[in-house]
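# Architecture at a glance
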Amino acid sequence: MLERISDFALKYNMFPEGCSVVCGLSGGADSVFLLVSLLELRERLKISEISALHVNHCLRGAESDRDENYCRELCTKLKVKFISRKCNVREYSEKYGLSTEESARILRYRIFSENSRGKIIATAHNANDNFETAIHNLSRGTALKGLCGIPPVRDNIVRPILTVSREEIENFLKSRNIYFVTDSTNLSDDYTRNKIRHNVLPLLEKINGSLIETSARTLDALRLENDFIESETMKAELKCRAGDTFKGLEKFHKAIRQRCIAEFLSEKNLRYDYKRLESIDSLILNGGKINISGDLYFVSDKASLSFVRIPDKPDSKEISVPLNIGKNTLFEGIILNAEIVKSEDLKIYQNINGKFTNYLLDYDKIKGTMILRNRRNGDKIRLAGRNFTSSVKKLINAQVKPDEKPFLHFIDDEAGTVFAEKIGIADRVRPDENTSEILKITVFPDSVKRS
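Report follows, based on the coordinates. Everything numeric in this text was worked out from a predicted model, so none of it was measured. (Residues numbered from 1 in each chain as written. Predicted model: local features only at pLDDT ≥ 70, side-chain atom pairs only at ≥ 80, totals over all residues. Heavy atoms only, no water.)

## Concerning the sheet that holds strand 15 (residues 358–362)
Overall, antiparallel pairing links the 4 strands, which are arranged 13-14-22-15 in an open sheet. Because the sheet does not close on itself, it has two edges, and the strands there are strand 13 (326–328) and strand 15. Each adjacent strand pair in this sheet contributes to an overall mean axis angle of 25 degrees, direction not counted. Both strand 14 (residues 334–342) and strand 22 (residues 437–445) contribute to a ladder of 9 bridges, which runs antiparallel. Its bridge partner being in strand 22, Ile-340 is matched across the sheet by Leu-439. (Pairing = 2+ DSSP bridges. Helix = DSSP H or I, 4+ residues; strand = E, 2+ residues; numbered from the N terminus. Axes fitted to C-alpha atoms, helices over the stretch in contact; angles between N-to-C directions.)

## Focus on the pairing of strand 20 (residues 416–420)
Along any regular strand, the residues point their side chains to alternate faces of the sheet. For strand 20, the buried fraction is high: 4 of the 5 residues fall into the buried class. Here strand 19 (residues 410–413) runs beside strand 20; their pairing, made up of 4 bridges, is antiparallel. Bridge pairing in strand 20 places Phe-410 opposite Ala-420. Between strand 19 and strand 20, which follow one another and run antiparallel, lie 2 residues. The pairing of strand 20 with strand 21 (residues 424–425) spans 2 bridges and is classified as antiparallel. Residue Ala-420 lies in a different strand from strand 21, and its bridge partner there is Gly-424. (Buried < 20%, exposed > 50% of the residue type's maximum accessible area, 1.4 Å probe, protein only.)

## Here we look at the sheet that holds strand 10 (residues 296–300)
Spatial ordering of the open sheet is given by 7-8-11-10-9, a layout of 5 strands whose pairing is antiparallel. Of all strands in the sheet, those with a lone pairing partner are strand 7 (241–242) and strand 9 (288–293), marking the two edges. Note: strand 7 against strand 8 (residues 245–247), 2 bridges, orientation antiparallel. Looking at the pairing, Arg-241 lines up with Phe-246 of strand 8.

## Brief notes about the nonpolar core
Ranked by internal contacts, the top residues of the largest apolar core, which has 39 residues, are Phe-15, Val-21, Leu-25, Phe-33, Leu-35, Leu-38 and Ile-161. Sorting the residues of this core by element identifies helix 1 (2–11), strand 1 (20–24), helix 2 (29–45), strand 2 (49–56), helix 3 (62–78), strand 4 (120–122) and helix 8 (166–175) as the ones contributing at least two each. Of the residues forming this core, the biggest block, 9 residues, is contributed by helix 2. The residues touching Ile-161, leaving out its near neighbours within four places in the chain, are Ile-5, Asp-30, Phe-33, Leu-34, Ser-37, Ala-124, His-125, Asn-126, Ala-127 and Ile-169. Of all hydrophobic cores here, the second largest spans 29 residues; its members include Ile-366, Val-418, Ile-423 and Val-429. (Core = buried A, V, L, I, M, F, W, Y, C linked by side-chain atoms within 4.5 Å. Contact = heavy atoms within 4.5 Å.)

## Concerning the packing of aromatic side chains
This structure, assessed with the given rule, holds 11 aromatic pairs. Residues Phe-331 and Phe-407 carry aromatic rings whose centres are separated by 5.7 Å and whose planes lie at 85 degrees to one another, so their mutual orientation is edge-to-face. Pair noted here: Phe-331 is in the loop between strand 13 and strand 14 and Phe-407 is in the loop between helix 14 (392–399) and strand 19, with a separation of 76 residues, a long-range link. A residue is classified by how much of its surface remains accessible, and Phe-407, at 39% relative accessible area, is partly exposed. Linked through ring pairs, Phe-246, Phe-264, Phe-298 and Phe-307 together constitute an aromatic cluster. Here the guanidinium or amino end of Arg-154 rests over the ring plane of Tyr-109, the centre of that ring lying 5.7 Å away. Directly above the aromatic system of Tyr-297 lies the positively charged group of Lys-289, at a separation of 5.8 Å from the ring centroid. (Phe/Tyr/Trp six-rings, centres within 6.5 Å; stacked < 30°, edge-to-face > 60°. Lys NZ or Arg CZ within 6 Å of the ring centre and 35° of its normal.)

This is the structure we're talking about:
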């Protein structure tokens, strides 16, 4: 088993000759095994120094302190330099709205990074952890990279025991009479990983008694294929990408095109999913424009794909005029028509000009003079039928085409906004059974005849 660990570490060049290694030590079986095995393999792997780092998440009270004390005592016995750090997971979780599990992971790796500058950090993920991660990713939805499980090497972080099963680890420690502590949270199903560990894996092991061993080989094969795609993706990027523009990407396989876009979006800290990648890939082949986030877009003319910022308004000039009953022209080539209609005649008017969108407001509920204007930063409206006020920007981003955004009409009365084109009317001017007169708003191109 130690030979297997050594071969795996050499295969992925985990330990450059003469390096210093910081071993993540929780006190559990996996991390204790990692520390002991690295100490035994130190000369073979040409490691100059090994130390241990314990992170106390302060989640389990006395049990957390017990684990820290155990790790300290173990390192004293093994004559290994010991470092311990505390973090407040609950506070971080509440502050950023994250799960306890995710918060603990973020803080743990932050501490790892702070205490391993210029060194290698070794973590105790084993073959079971690797398979559980692949299953977890599969259940949430993932591509090939997610199915590969935990990467053996990432930056200065290495996982030397990814090919060793949990059963092998516990048997090894038992044979050496080495004690370890057990985290009580690992025994419950409160966390997703535990549900997979306690419920899914036992069922799969009934189908294949060598599940963990065979899964380790499968994940290794997937990593190999993923490495090939990564290599081809890098070639495509070098050939096609210049800054935020790709040229010639359509000549590559779809898998390479989508991987290029996925890595680009990750670089920009923008989320993506299968549907988003499919849409952008279609854009590469067919041209067009897709909104990615806020005023960020991918634009393609089929010859190139560019990531650009398109401001919501090309002109920041504020425009406002009194609303006329009849035709109004706020933007060149566009008419906004305002009519006052008796409620009993509403059905007749609704059947005319069906190709236009008519907005109907209770005219008697309008307060004072009406103003017709363009969009403003910070616009808000409480739409009809809703009991909360919405940001107009968010509504527009969700409902309005990018090229229409600069030319939207808004109507205010003395109490605020009552009409937002393509969004709707304010709840306070919504017609009801007592409405006698209706203000009907219609927007159409100047070239259209309304007979």
